[in-house]
Amino acid sequence: MSYDQIEVPENGEKITLADDESGELSVPDNPIIPIIHGDGIGQDVGPAAQKVLEAAAEATGRSVEWLRVYAGQSARDKYDENLPEDTVQAIKDHRVAIKGPLTTPVGAGFRSLNVALRKKLDLYANVRPTYHLDGVPSPVKNPSAMDMVTFRENTEDVYAGIEWEAGTDEVQQVKEFVEEEMGYDETMHDGPIGIGIKPITEFGTKRLVREAIEYAIENDRDSVTLVHKGNIMKFTEGAFRDWGYELAEEEFAEETITEDELWEEYDGEQPEDKIVVKDRIADNMLQQLLTRTADYSVIATMNLNGDYMSDAAGAQIGGLGIAPGANFGDGLCLAEPVHGSAPKYAGEDKVNPTAMILSGRLMFEYMGWKDAGKLIRDAVEKTISDGDVTYDLERQIEGGNKLATSEFADKIVENIEALS
Ligand code: NAP
């Protein structure tokens, strides 16, 4: 294993795929884990998360050897490119990695590096758990009703990057094709136009829904909800719903029932050994998150819906400073917080690193380090319950002790040591 630009730590071993064709990982007690601190507040939350993750690993008899890799501004500064091939290759080679946020310019400029990374590594499921930690202030009355995991399809939909800019020959060709060949001659207004394509495939849908149902089975969840806007976008979002139900029937007939079957065969009483597969239209779902929060457990949805929904759900459990996430492919995990690079706070040692720390918890769980993951959750919860918080939570609670990012991470480390 050699790279042109980065140096692999001498101590530490690689995580590999197990030899038994199970698709499981073989994880040493001293794994090498690539980390991208990221743009903007990445320079604050990255080191804070590293400190906490190291402490949790150590408290459970392990260690982490970090392999610093670069993307975004730090890669431009160091190598004059946005996303070096070494970075992508190092994540592929080491199978499990964590990243902070990366800035994407709006309109002109380069395309999203996050989207590029997900595509290059075929990280097809973006998993975003939203659960409430004791002591975290929330805008809703009963935040602990939310305990949901969103599986967002990561490679398709309007995020696929198939789009053409107004004023180009390409957009004109596509417009003419759609109007003249496909017969939509009264649909698009004259004048400058931008056009994008929304691909939703059976393959992409089924592998995502499979992950969501498998997760529900492994974690004793009671339902999987397919969220779509299939009433309007019949052949894309409607197809997602249909293929989702089809997959459940084809591959999980023993373990799942539909909502109709729940009422017809079980009189609405959920049997303990069955997962209910249901679907909701996306706009309704956004209000159901507030009004019937506890009815939803695992969500499977397409890229754009998943992005909106998980930010809204994140707000209910305390905001973007809290909400963790991770991208999964086959035998690959790239953990990352839901939030962006919040440039106005960059380098101020101010923002909340919880989202990045809990993303690390997800990564540890994927590695089978459930004890370390639980320790992280307990220590974060204790720190916040004690009133030791960053600015975002301090402004919402009375008598909170406002800490800098680094001080907050130090408190969590103290609590990890005290709890272990
Ligand atoms: P953002 O960076 O998530 O920040 C929006 C607001 O959320 C902040 O002003 C702050 O609110 C709050 N916030 C975010 N992270 C926080 C943290 N760790 N602690 C406390 N509060 C936090 O969203 P944005 O301003 O829309 O996006 C900025 C850039 O990030 C864009 O270039 C965008 O493309 C990129 N982005 C990257 C990713 C990714 O890398 N996966 C994801 C989303 C966005 P208050 O000011 O109200 O406190």
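Residues numbered from 1 in each chain as written. Predicted model: local features only at pLDDT ≥ 70, side-chain atom pairs only at ≥ 80, totals over all residues. Heavy atoms only, no water.

1. Looking at the packing of aromatic side chains
The condition that has to hold: Any two of the Phe, Tyr and Trp rings considered here, Trp counted by its six-membered ring, make a pair once their centres fall within 6.5 Å; the pair's planes then place it as stacked at under 30 degrees, edge-to-face at over 60, or tilted in between. Per the convention used, a helix needs a DSSP run of H or I reaching at least four residues, while a strand needs a run of E reaching at least two, with both numbered from the N terminus. Buried means the residue's accessible area, taken with a 1.4 Å probe over protein chains only, is under 20% of the maximum for its type, while exposed means over 50%, and partly exposed covers the values in between. The rule for a charge over a ring is simple: NZ of Lys or CZ of Arg within 6 Å of the ring centre, and within 35 degrees of the ring normal.
With the rule as written, the count across this model stands at five aromatic pairs. Between phenylalanine 151 and tyrosine 215, the aromatic rings sit 5.4 Å apart at their centres with planes inclined by 55°, giving tilted as the arrangement. Within this pair, whereas phenylalanine 151 is found in strand β7 (residues 147–153), its partner tyrosine 215 is found in helix α6 (residues 202–218), the two being separated by 64 residues in sequence. Arranged with centres 5.0 Å apart and planes meeting at 50°, the rings of phenylalanine 328 and tyrosine 366 form a pair that is tilted. Here tyrosine 366 lies in helix α11 (residues 354–366) and phenylalanine 328 lies in strand β14 (residues 326–329), a separation of 38 residues in the sequence. Using a relative accessible area of 27% as the deciding quantity, one classes tyrosine 366 as partly exposed. Its guanidinium or amino end placed over the ring of tyrosine 159, arginine 152 lies 5.1 Å from that ring's centre, counting from NZ or CZ. The ring of tyrosine 391 has lysine 350 sitting right over it, with the charged end atom 4.7 Å from the ring centre.

2. Concerning the domain arrangement of the protein
What counts here: Boundaries between domains were set according to an automatic or database domain assignment.
Partitioning the protein into structural domains gives domain 1 (1–137 + 319–419), domain 2 (138–154 + 200–317) and domain 3 (163–196). One C-alpha centre belongs to domain 2, the other to domain 3; they are set 35 Å apart.

3. Here we look at the site of the ligand
Keep this limit in mind: Nearness is defined per residue: one heavy atom within 4 Å of the molecule or strand is enough. Two N or O atoms count as a polar contact when they lie within 3.5 Å, although within protein this holds only if one can serve as hydrogen donor and the other as acceptor, and sequence-adjacent residues are included solely when both atoms are side-chain atoms. For accessible areas, the Shrake-Rupley method is used with a probe of radius 1.4 Å. Any residue's cover is judged against the shown protein chains and nothing else. In this classification, the charged set is Asp, Glu, Lys and Arg, the nonpolar set is Ala, Val, Leu, Ile, Met, Phe, Trp, Tyr, Cys and Pro, and all remaining amino acids, among them Gly, are polar.
Taken together, 24 residues sit near the ligand, with Leu102, Gly340, Ala342, Tyr345 and Tyr391 positioned nearest. For the ligand, a nitrogen atom lies 3.4 Å from a polar atom in the side chain of histidine 339. A total of 880 Å² of accessible area belongs to the ligand in isolation, and the protein chains cover 71% of it. Elements with a contribution of two residues or more to the shell around the ligand: α4 (113–120) and α13 (391–394). In terms of residue class, the shell around the ligand is made up of ten nonpolar, eight polar and six charged.

4. Some words on a nonpolar patch on the surface
Quick note on the threshold: Like-charged residues within 9 Å of one another, or nonpolar side chains (Val, Leu, Ile, Met, Phe, Trp, Tyr) within 5 Å, are grouped into patches, provided each residue has over 30% relative accessible area and no salt bridge. For salt bridges, the criterion is a side-chain nitrogen of Lys or Arg within 4 Å of an Asp or Glu carboxyl oxygen.
Where nonpolar side chains cluster on the molecular surface, the patch consists of Phe177, Met182 and Tyr184 and spans about 340 Å² of accessible area. Locating tyrosine 184 in the fold gives a position in the loop between α5 (169–181) and β9 (195–196).

5. Observations concerning the sheet that holds β14
Each strand in a sheet pairs with another by means of backbone hydrogen bonds, the pair being arranged parallel or else antiparallel. Note the following rule: When DSSP locates at least two bridges between a pair of strands, those strands are taken to pair. Fitting a line to C-alpha atoms yields each axis, with helices limited to the stretch in contact; the angle taken between N-to-C directions then spans 0 to 180 degrees. Contacts between residues were defined by any pair of non-hydrogen atoms, one from each residue, lying within 4.5 Å.
Taken in spatial order, the eleven strands make up an open sheet running β4-β3-β5-β15-β14-β6-β7-β13-β10-β12-β11, and their pairing is mixed. Edge positions in the sheet fall to β4 (65–68) and β11 (256–258), since each has one partner strand and no second. Averaged over all pairs of adjacent strands, the angle between strand axes in this sheet comes to 25°, irrespective of strand direction. Contacts from helix α3 (residues 85–94) reach β3 (32–36), β4, β5 (96–99) and β15 (332–335) within the one sheet, and its direction differs from that of β3 by about 145°. Packing against the sheet, helix α9 (residues 282–291) makes contact with β7, β10 (223–228), β12 (275–281) and β13 (298–301), and its axis sits at approximately 115° to β12.

6. Digging into unusual backbone geometry
With glycine set apart, most residues show a phi of negative sign, and most peptide bonds adopt trans. For arginine 95, which is not glycine, the phi dihedral falls at a positive 75°. In the Ramachandran plot, alanine 342 falls in the positive-phi region, its phi being about 30° despite a non-glycine side chain. Within the secondary structure layout, alanine 342 lies in the loop between β15 and α11.

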